[in-house]
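# Structural features, examined
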Amino acid sequence: MKTTFRDKMNTVFRAGIALFFACAMIVPLFAQESPAVSAPADQSAKKENDDLDPASREKVKAALEKFTKSDFEGSLTILKELAAANPKVIAPRLIQAEWFRASKNERAFRVCLENATEESPADPGAFLILGELALQRGELTASELLFSKAETVLANYNANPDRKKSMGIKLLNDQASLAQVRGRWDQMQTILGELRKIQGDTPELCRLIGYSFFQKKEDDSARQWLQHADKISEGKGAPADAIMAQYYINRGDMEKAKASLAAAMAANPASVDVLKLSIMMALGEGDTETAWTNVQKLCSEKPDLLDAQKLYGNVALYRADYTAAEQAFQKVVNIAPADTEAANGLALALCEQQDPEKKKRAIQYASNNLQKQENNRDFLATYGWCLFQVGNLQNAITILQRSAADGRMSQAAAYYFSLIISKDASKKEQAAKLLQAALNNKQPFVKRKAAEELLKSLN
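What comes next concerns the included structure.

The rules behind each value
- Residues numbered from 1 in each chain as written.
- Predicted model: local features only at pLDDT ≥ 70, side-chain atom pairs only at ≥ 80, totals over all residues.
- Heavy atoms only, no water.
- Helix = DSSP H or I, 4+ residues; strand = E, 2+ residues; numbered from the N terminus.
- Buried < 20%, exposed > 50% of the residue type's maximum accessible area, 1.4 Å probe, protein only.
- Contact = heavy atoms within 4.5 Å.
- Axes fitted to C-alpha atoms, helices over the stretch in contact; angles between N-to-C directions.
- Parallel < 35°, antiparallel > 145°, perpendicular 65-115°, else oblique.
- Left-handed = near helix turned anticlockwise from the far one by under 90°.
- Core = buried A, V, L, I, M, F, W, Y, C linked by side-chain atoms within 4.5 Å.
- Salt bridge = Lys/Arg side-chain N within 4 Å of Asp/Glu carboxyl O.
- Expected span 1.5 Å × (residues − 1).
- Nonpolar A, V, L, I, M, F, W, Y, C, P; charged D, E, K, R; others polar.

Attention now moves to the overall build of the protein chain. Of the regular secondary structure elements, the protein chain holds 24 helices and two strands. Scored against the burial criterion, the 459 residues of the protein chain give a buried share of 48%. Of the contacts formed within the protein chain by residues at least 6 apart in sequence, a portion of 55% connects residues at least 24 apart.

Relative to each other, helix H2 (residues 54–68) and helix H4 (residues 92–102) sit at 45°, their axes nearing to 12 Å. Classified by the angle their axes make, H2 and H4 are oblique. Considering only the axes of H2 and H4, their crossing is right-handed. Taken together, the residues of H4 that come into contact with H2 (itself represented by Val60, Ala63, Leu64 and Phe67) are Gln96, Trp99 and Phe100.

Here we take up the nonpolar core. Counting 67 residues, the largest nonpolar core has Ile279, Trp385, Tyr415 and Tyr416 as the members making the most contacts within it. Apart from the residues within four sequence positions on either side, tyrosine 415 is in contact with Trp385, Leu435, Phe445, Lys447, Ala450, Ala451 and Leu454. Membership of the second largest hydrophobic core comes to 30 residues, among which are Leu192, Leu205, Met244 and Ala257.

Turning our eyes to something else, we now look at helix H22 (residues 411–421). Among the 11 residues of H22, 11 are classified as buried, and the element is accordingly described as predominantly covered. Inspection of H22 places Gln411, Ala412, Ala413, Ala414, Tyr415, Tyr416, Phe417, Ser418, Leu419, Ile420 and Ile421 among the buried residues, and these make up the whole buried set.

What follows is about the pattern of salt bridges. It is possible for side chains bearing opposite charge to pair when their charged atoms get close. Under the criterion given, the structure shown has 28 salt bridges. One salt bridge in this structure joins glutamate 132 and lysine 170, with 2.6 Å as the shortest N-O distance. With glutamate 132 in helix H6 (residues 125–136) and lysine 170 in helix H8 (residues 161–182), the pair connects residues that are 38 residues apart, well separated along the chain. Looking at lysine 170, the relative accessible area reads 4%, which means it is buried. For glutamate 326, the salt bridge is made with lysine 358, and the minimal N-O distance between the two is 2.9 Å. Within this pair, whereas glutamate 326 is found in helix H17 (residues 322–335), its partner lysine 358 is found in helix H19 (residues 356–372), the two being separated by 32 residues in sequence. Look at the salt bridges and you will find they share partners, linking Lys276, Asp307, Lys310, Asp339 and Glu341 into a network.

For helix H10 (residues 203–215), spanning 13 residues, the distance from its first C-alpha to its last is 18 Å, which sits close to the expected 18 Å at 1.5 Å a residue. Of all 13 residues that make up H10, 11 are buried, and the element is covered over most of its length. Here H10 has its buried residues at Pro203, Leu205, Cys206, Arg207, Leu208, Ile209, Gly210, Tyr211, Ser212, Phe213 and Phe214. The secondary structure elements touched by the buried residues of H10 are H8, helix H9 (185–199), helix H11 (219–232) and helix H12 (240–251). Lysine 217, located one to two residues past H10, shows a positive phi value of around 65°.

Tracing the backbone through its elements, the reader meets isoleucine 279 in helix H14 (residues 272–284). Given a relative accessible area of 0%, isoleucine 279 falls into the buried group. A C-alpha to C-alpha distance of 8.7 Å links isoleucine 279 and threonine 293, two positions 14 residues apart in sequence. In this view, isoleucine 279 contacts Ala291, Asn294, Val295, Leu298, Leu311 and Val315; residues no more than four positions away in its chain are not counted.

Here we take up the packing of H8 against H9. The geometry of H8 relative to H9 is characterised by a closest axis approach of 8 Å and an angle of 160° between their N-to-C directions. As far as their axial angle goes, H9 and H8 are roughly antiparallel. Judged by the sense of rotation from one axis to the other, the crossing of H8 with H9 is left-handed. Taking contact as the criterion, the partners of Lys165, Ile169, Leu172, Asn173, Gln175, Ala176, Ala179 and Gln180 in H8 are, on H9, Trp185, Gln187, Met188, Ile191, Leu192, Glu194, Leu195, Ile198 and Gln199. Residues belonging to the contact of H8 with H9 are distributed by class as follows: 10 nonpolar, five polar and two charged.

Below you can see the structure in the form of structure tokens.
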């Protein structure tokens, strides 16, 4: 029995009902950015033999040799003997944990950390790392408790003064990160103040303090701290007005964002960071011509900067200049084959062209990206779109469904899916609702104009 297009569409629509209702929360193209508190890594386990005498270093080497031969117990025995003879040596389980992490054995890494808290409760290292892991997973209460425990243990730790200082700095950075995630701005400022006492003023610390003041709606103080960061940064990093412009964009105050960006452009016309922000803002307002002018300027200033080439490719996508986009992204991929962002852009540029071979290449790039990051929402949407472009309708729908598996959906995926279901007259109303949900989000995305035109045709 021959399958008609309507039969296919009914199957597609039934499969996509959940996807349609999942679009209530659309993921923006440009996620809100905030400066991250970056804790210096605790290198003590990786460099556990730096302060040891030659005989002790030989023991560490012997332990590592046994470890690499999977004789974990034999390795641990040597490390325990060494730790018993030399109090400066960190917890044996902590050393092995780092070796497991280096060998990408995450399960053994976690088990070693847990064992370290039991076998060496006077060493703060394991509590610190476990707290960081909890913070990365969004387990804020657990991370706070672990950092509190690490602080208590660290106060009584005196085996290695240099390591104690290093872990103290690490702990403060971790606690500042937690305060930032929780939005405890006063607490974050207090912690950063403690770090300043230890490290002095650094551009990173000053910018973080500026960010915390901005979150407290104390904009003048925020700008002052960012300007102070400019003075001590020796020209490294985005200038204060550019950062303020980004903050205002995140707050939704576009007038102040424009004023800050104009000031940044006037003072730093050749700044890569300022040009990048001006391009992003222009795209956000649908001003592709200004974006095109500025990205050409950026590429002329920094012809070898891969980020500039990627921006060029993205602006070309907005302009539907797929040949230019292909050339820019291909240049990046040729130099940096592992750059998944460039590969994603290249797939989008190739699949829009009429050459069947280019469409095949697009599917290959999109598929390769998913092999690296199988749950990446943007990569799933791109792969679904590439499949649709070659007529593989059902698989396109399956992939687009995966992109909304957690109840959220990108604006691009919403457009792709609504375009598919709108082919069936009985599904036009649902397609229009899906499009409207995507367009209600004011964040820019490449297919916004196409989505607006499709919505008009459906109403």
